[in-house]
Amino acid sequence: MLYPEPIERLIDHLTRLPGIGRKTATRLAFFLLNAKDTYTSDLGKSISEIKERIRLCSRCFNITDIDPCHICRDEKRDKTVLCIVEEPSHLMVIESAHPGIYRYHILHGVINPLEGIGPDEIRIPEMKERIVREGIKELIIATNPTMEGNTTAHYISELTKPFEVKITRIASGIPIGGDIVYIDPLTIKSAIDNRRSM
Ligand SMILES: [Zn+2]
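1. Describing the side chain of Thr 143
For step 1, the next point in the chain: Inspection of the secondary structure assignment puts Thr 143 in the loop between strand S5 (138-141) and helix H7 (147-159).
For step 2, the next point in the chain: For Thr 143, a relative accessible area of 0% puts it in the buried group.
For step 3, the next point in the chain: In this structure the side chain of Thr 143 is engaged in a polar contact, spanning 2.9 Å, whose partner is the backbone oxygen of Gly 149.
For step 4, the next point in the chain: Setting aside its immediate chain neighbours within four residues, Thr 143 contacts Ile 84, Glu 86, Leu 107, Val 110, Gly 149, Thr 152, Ala 153, Arg 169 and Ile 170.

Now the structure itself:
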């Protein structure tokens, strides 16, 4: 043990954070040791508060400190459209591009048979309930264009056939400002298959 036990313990905790090796953890630990007491106690409080106060919205399963969350409470959003995303961070990305328009449903994962994750292991049953209860007319499926994301999108479109819900899938193709020379063949194929009239 190089340092006194409390510092070693802090370094050990910090190295468990993503992207933090022992060298960075040691630098952070010494930064905290020299920081003002108010900063370290505020940091400690905000770390424990995320466990105490942050939970999942009972309607859309977004992370929130109030239930229903701010988005579900927003009366200005279209009540008949649900945007389906894999994770809360994906909601944030779509929301920053299209603020205040959609309501969401967060699946918290994707169907992945190889890892034993079926539709009932993610929030698909709750999504089905919402379609009926809230009279949803359109689902925008915004899962990633990976094999699992596409499988999940396909499953949802099959599952929701009896409900006469319009199913749309986000397009995948060449990024804005991109150069087709550097795009992989599958993405080019998708871009051409999903071309639109001008
Ligand atoms: Zn919500």
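2. Remarks on the coordination of the zinc ion
For step 1, the next point in the chain: Donor atoms from the polypeptide that coordinate the zinc ion comprise Cys 57 (SG), Cys 60 (SG), Cys 69 (SG) and Cys 72 (SG), at 2.3 Å from the metal.
For step 2, the next point in the chain: Around the zinc ion, the 4 donor atoms are arranged such that angles at the metal cover 103 to 115°; this shape is classified as tetrahedral.
For step 3, the next point in the chain: Read from N- to C-terminus, the donor residues coordinating the zinc ion fall into the pattern C-x2-C-x8-C-x2-C. In this pair, the class of Cys 60 matches that of Cys 69, namely buried.

3. Remarks on the domain arrangement of the protein chain
For step 1, the next point in the chain: By domain assignment, the protein chain separates into domain 1 (5-53) and domain 2 (76-169).
For step 2, the next point in the chain: For domain 1 and domain 2, the distance between their C-alpha centres works out to 36 Å.

4. Quick word on the packing of helix H6 (residues 124-133) against H7
For step 1, the next point in the chain: Contact pair H6 / H7: the axes reach a minimum separation of 12 Å and the direction vectors enclose 35°. In this structure, the crossing between H6 and H7 has a hand that is right-handed. For the pair H6 and H7, the contacting residues are Ile 124, Met 127 and Lys 128 in the first and Thr 152, Tyr 155, Ile 156 and Leu 159 in the second.
For step 2, the next point in the chain: Of the residues that constitute the contact of H6 with H7, the class distribution is 5 nonpolar, 1 polar and 1 charged.

5. Describing the sheet that holds strand S4 (residues 103-106)
For step 1, the next point in the chain: Pairing is parallel in the open sheet, where 4 strands are placed in the order S4-S3-S5-S6. With one partner strand each, in any of the chains shown, S4 and strand S6 (166-169) form the two edges of the open sheet. Put simply, the sheet's adjacent strands are angled 25° from each other on average, direction ignored.
For step 2, the next point in the chain: Bridging between strand S3 (residues 81-85) and S5 involves 4 bridges; their strand directions are parallel. Its bridge partner lying in S5, Ile 84 is registered against Ile 141.
For step 3, the next point in the chain: Its contacts with the sheet put helix H5 (residues 88-97) on S3 and S4, and the angle it makes with S4 is roughly 160°.
For step 4, the next point in the chain: Against the sheet, H6 touches S3, S4 and S5, its axis set at about 150° to S4.

6. Quick word on the pattern of salt bridges
Side chains that carry opposite charge are capable of pairing whenever their charged atoms lie near each other.
For step 1, the next point in the chain: In the structure shown here, the tally under the stated rule is 14 salt bridges.
For step 2, the next point in the chain: The partner of Arg 22 in a salt bridge is Glu 8, and the shortest N-O contact between them spans 3.2 Å. Of the two residues, Arg 22 sits in helix H2 (residues 22-34) while Glu 8 sits in helix H1 (residues 5-15), which places them 14 residues apart along the sequence.
For step 3, the next point in the chain: Residue Glu 8 is classed as buried on the basis of its relative accessible area of 13%.
For step 4, the next point in the chain: The salt bridge involving Arg 133 is made with Glu 129; its shortest N-O contact spans 3.7 Å. Taken together, the positions of Arg 133 and Glu 129, both in helix H6 and 4 residues apart, correspond to about one turn of that helix.
For step 5, the next point in the chain: Because the salt bridges share partners, they merge into one network encompassing Glu 129, Arg 130, Arg 133 and Glu 134.

So, how was this worked out
- Numbers given to residues run from 1 along each chain, matching the order in which its sequence is written.
- Confidence filtering applies because this is a predicted model: local features only for residues at pLDDT of at least 70, side-chain atom pairs given and counted only at 80 or more, and all residues used for totals across whole chains, interfaces and linings.
- Side-chain numbers come from the whole structure's heavy atoms, not from hydrogens or water.
- Secondary structure follows DSSP: runs of H or I at least 4 residues long count as helices, runs of E at least 2 residues long count as strands, and numbering of each begins at the N terminus.
- Buried residues are those whose accessible area, probed at 1.4 Å on protein chains only, stays under 20% of the maximum for their type, while exposed residues exceed 50% and partly exposed ones sit between those limits.
- Residues adjacent in sequence count toward polar contacts only when both atoms are side-chain atoms; beyond that, a polar contact is any pair of N or O atoms within 3.5 Å, and within protein one must be able to donate a hydrogen and the other to accept it.
- Contact criterion: two residues are considered in contact whenever any of their non-hydrogen atoms come within 4.5 Å of each other.
- The donor definition counts N, O and S atoms within 2.8 Å of each metal and applies 3.2 Å to Na, K and Ca; water is not among these atoms, so some sites may look incomplete.
- Sites are called tetrahedral only when four donors show all angles between 85 and 135 degrees, square planar or octahedral only when four or six donors show opposite pairs over 155 degrees and all other angles between 65 and 115, and irregular in any remaining case.
- A domain assignment, automatic or from a database, supplies the domain bounds used here.
- Throughout, an axis means a line fitted to C-alpha atoms (over the contacting stretch in the case of helices), and angles, computed between N-to-C directions, take values from 0 to 180 degrees.
- In this scheme the handedness of a crossing depends on how the near helix is turned from the far one: anticlockwise by less than a right angle means left-handed, clockwise means right-handed.
- Lys, Arg, Asp and Glu make up the charged group, whereas Ala, Val, Leu, Ile, Met, Phe, Trp, Tyr, Cys and Pro make up the nonpolar group; the residues left over, Gly among them, are polar.
- Between any two strands, pairing holds if DSSP finds at least two bridges.
- Basic side-chain nitrogens of Lys or Arg form a salt bridge, by our definition, when they fall within 4 Å of a carboxyl oxygen of Asp or Glu.

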